[in-house]
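Architecture at a glance
Listed below are the residues making up each chain.
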Amino acid sequence: MTITVVGHGYVGLVTACVFADFGNKVWVVGHTKEKINRLKSGDPIIYEPGLKELLQKNIKAKRIFFTSDFDKAVPESDVIFIGVGTPPKPTGEADLTAVIDVARSIGKNLKNSFTVVSCKSTVPLGTNKKLEVIINKHKPSKAQFAVASCPEFLREGTALTDTLHPDRIVIGSESKKAIDYLLELHKPIGGKRVITNLASAELIKYASNSILATKISFANLISFYCEKSGADVETVLDGVGLDRRTGRSFLYPGIGYGGSCFPKDVKALLAIGNDLKINTNLLKAVEDINEQVKDNMIAKIRNHTKGKNIAVLGLSFKPETDDIREAPSLYVINKLLEGGYKIKAYDPEAENNVKKILDGKIDFAKDVYSTMEHADALFIATEWNEFRQMDLKKVKKLLNHPVIFDGRNIYETKAMRKMGFEYYSVGRV
Ligand SMILES: NC(=O)c1ccc[n+]([C@@H]2O[C@H](COP(=O)([O-])OP(=O)(O)OC[C@H]3O[C@@H](n4cnc5c(N)ncnc54)[C@H](O)[C@@H]3O)[C@@H](O)[C@H]2O)c1
């Protein structure tokens, strides 16, 4: 098939490269010429393990092409995926400006035979119906199309593996022909198929992210009980998670969820619930707890540091990505800066992105150990693997005071204390 993917971020570029690798001809449409040129030269712009290699392989094989002109890509496409951003508005609702602009451009450039317009962007209930109306309004009169909602479940950091081996592929559409096209296109990919209507597909995505955020906030809620009672949150959650009805997955106590999806999707589901006059207290509590865990960590740092120089390890919102959107590390750093602390930070991939917003306000180190030279305390904000087995004797020597704040519970409390560290983590006394 010939397909178009609009948007070349974590979702768009990964989707495009994977379908190109299966032998399809893939057009990627972006709106920044400079970025399109970088992509053409084989630079994926974002960091995602394995993506650069897959991109370069498919450019060489002449299966993936980049353009900012819809009229080059859309007319020859059988399936068009929309993968542009849907960031939150100040009200929490999803901002659909990009999705709607793109639908208009797709409509204007549709060809006469049948095209599937499938939205991978996470969009509120009813959006795909609106896209159908917009496309209808702008398309040439003879052009045939159908819309489908094909929500994306990949995780940054493992996006390629997730795309190739998903748990499920959800296809929502009122058109049997569109469903058949999408089933055919996804044939090389495993996972259960969930075929449904547009609204259910749209809601599956928000419900999926919100339940994962709920699990994280629940684990953090239990961590509050642990800190007040002497219980150990990791042991408690191991005990809970061994129940097969619950499982341990995503019961992660720490300094909360971040990233471009969970915070925005919980907010959007809240806004949708408010619109539909549904009691959304559960989701509000999920958000409140996620704020509280960050403030708790800041309080621990303020109460227990013996100076103002803090070394921070990890800036991305989670390991194996350079994405810093809604990263808990940045919230904590900003609050510490307001309190007059000096920050030196290290992240294997996210430094350039953080520089765009904090340049001049914090210092950056080139590796783990140079981060902590002359620091009064160490704060672990993101659990990159390279922070898990540091030479702790060296860490102790480098720090002015052996004080560690572990926002991700990656070290053992007893072992750290035995080594002489003042060690503060989450839900473990
Ligand atoms: N990142 C994830 O892990 C993930 C997972 C599942 C679903 N999603 C959803 O997928 C969507 C995209 O997310 P992302 O993380 O890839 O976003 P991103 O910010 O990484 O990429 C968005 C892309 O859209 C492009 N774009 C924006 N406006 C455009 C326009 N008018 N015309 C053409 N291109 C335009 C940008 O240039 C960029 O390439 C969002 O709705 C998100 O919620 C993201």
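Residues numbered from 1 in each chain as written. Predicted model: local features only at pLDDT ≥ 70, side-chain atom pairs only at ≥ 80, totals over all residues.

A tally of regular secondary structure across the chain gives 17 helices and 14 strands. The dimensions of the chain, computed from C-alpha atoms along their principal axes, are 75 × 50 × 35 Å. Every one of the 429 residues in the chain was classed for burial, and the buried ones make up 45%. A separation threshold of at least 6 residues defines the contact pool for the chain, and within that pool the share at least 24 residues apart is 72%. (Helix = DSSP H or I, 4+ residues; strand = E, 2+ residues; numbered from the N terminus. Buried ≥ 20, exposed ≤ 12 C-beta atoms within 10 Å, placed from the backbone. Contact = placed C-beta atoms within 7 Å.)

The strand order across the open sheet built from six strands is β11-β10-β9-β12-β13-β14, with neighbouring strands paired in parallel fashion. What marks the edges here is a single partner per strand, and that holds for β11 (363-364) and β14 (422-424). As paired elements, strand β9 (residues 309-313) and strand β10 (residues 342-346) share five bridges and run parallel to each other. Paired with I310 across the two strands is I343, which belongs to β10. (Pairing = 2+ DSSP bridges.)

Take the pairing of strand β8 (residues 192-196) next. With five bridges joining them, strand β7 (residues 168-172) and β8 adopt parallel strand pairing. By the bridge assignment for β8, G172 is matched with T196. Each parallel crossover has a hand, and for β7 linked through helix α8 (residues 176-185) to β8 it is right-handed. (Right-handed = clockwise from strand over helix to strand, strands pointing away.)

In this section: the site of the ligand. Close to the ligand lie 26 residues, the nearest being G7, G9, V11, A98 and S121. The set of elements that each furnish at least two residues to the shell around the ligand consists of α1 (10-21) and α5 (97-109). Residue composition of the shell around the ligand, by class: nine nonpolar, twelve polar and five charged. (Near = placed C-beta within 6 Å. Nonpolar A, V, L, I, M, F, W, Y, C, P; charged D, E, K, R; others polar.)

Let's shift gears to the domain arrangement of the chain. Where the parts come together, the accessible area they lose is often given as the size of the interface. What the domain assignment reports for the chain is domain 1 (2-196) and domain 2 (211-424). For domain 1 versus domain 2, the distance between C-alpha centres works out to 33 Å. Taken together, the residues of the side of domain 1 that touches domain 2 break down into eight nonpolar, four polar and two charged. (Domains from an automatic or database assignment.)

On to the environment of I404, then. The topology assignment puts I404 in strand β13 (residues 403-406). As a C-alpha pair, I404 and S149 span 255 residues in sequence and 46 Å in three-dimensional space.

Once that is clear, we can look at the packing of helix α9 (residues 198-229) against helix α11 (residues 262-275). One can describe the packing of α9 onto α11 by two numbers: an axis separation of 9 Å at closest approach and a directional angle of 115 degrees. With respect to each other, α9 and α11 are oriented roughly perpendicular. Crossing geometry of α9 relative to α11 is assigned as left-handed. Together, Y206, N209, S210, L212 and A213 of α9 and F262, D265, V266, A268 and L269 of α11 make up the contact between the two elements. Its residues placed into classes, the contact of α9 with α11 shows seven nonpolar, two polar and one charged. (Axes fitted to C-alpha atoms, helices over the stretch in contact; angles between N-to-C directions. Parallel < 35°, antiparallel > 145°, perpendicular 65-115°, else oblique. Left-handed = near helix turned anticlockwise from the far one by under 90°.)

Along the chain, the position of H374 falls in the loop between α15 (368-372) and β12 (377-380). When residues no more than four places from it in sequence are discounted, the contact partners of H374 are N309 and N400.

A few words on unusual backbone geometry. Of note, the phi angle at E326 is positive, near 55 degrees, even though the residue is not glycine. Within the element layout of this structure, E326 appears in the loop between β9 and α13 (328-338). We note that H374 has phi near 60 degrees; this positive angle belongs to a residue other than glycine. Look at H374 and you get exposed, because 11 C-beta atoms sit within 10 Å.

Core analysis: the biggest nonpolar cluster contains 124 residues, and V28, I310, L378 and F379 have the highest contact counts within it. A total of nine residues in this core trace back to one element, the largest contributor, which is α1. When residues of this core are sorted by domain, at least three fall in each of domain 1 (2-196) and domain 2 (211-424). Look past the residues within four positions of V28 in its chain and what remains in contact with it is V5, H8, G12, L13, A16, L39, I64 and F66. (Core = buried A, V, L, I, M, F, W, Y, C linked by C-beta atoms within 7 Å.)

For D288, the location among the structural elements is in helix α12 (residues 281-304). In the structure, D288 is positioned 19 residues away from G307 in sequence and 30 Å away in space, judged by C-alpha atoms.

In this section: the packing of α12 against α13. Where α12 meets α13, the closest approach of the two axes is 10 Å, and the angle between their N-to-C directions is 45 degrees. Relative to α13, the element α12 lies oblique. Remark: the crossing between α12 and α13 carries right-handed chirality. Of α13, the residues touching α12 (which contributes K294, M297, I298 and I301) are P328, Y331, V332, K335 and L336.

We now examine α9. Counted at 1.5 Å a residue, the expected span for α9 with its 32 residues is 46 Å, and the 47 Å between its end C-alpha atoms agrees. Residue G230 follows α9 closely and has a positive phi angle near 90 degrees. (Expected span 1.5 Å × (residues − 1).)

By the bridge criterion, six bridges tie strand β5 (residues 114-119) to strand β6 (residues 144-149) in an arrangement that is parallel. Within the sheet, the bridge partner assigned to S118 lies in β6 and is A148. Taken together, β5, helix α6 (residues 127-138) and β6 form a β-α-β motif whose crossover is right-handed.

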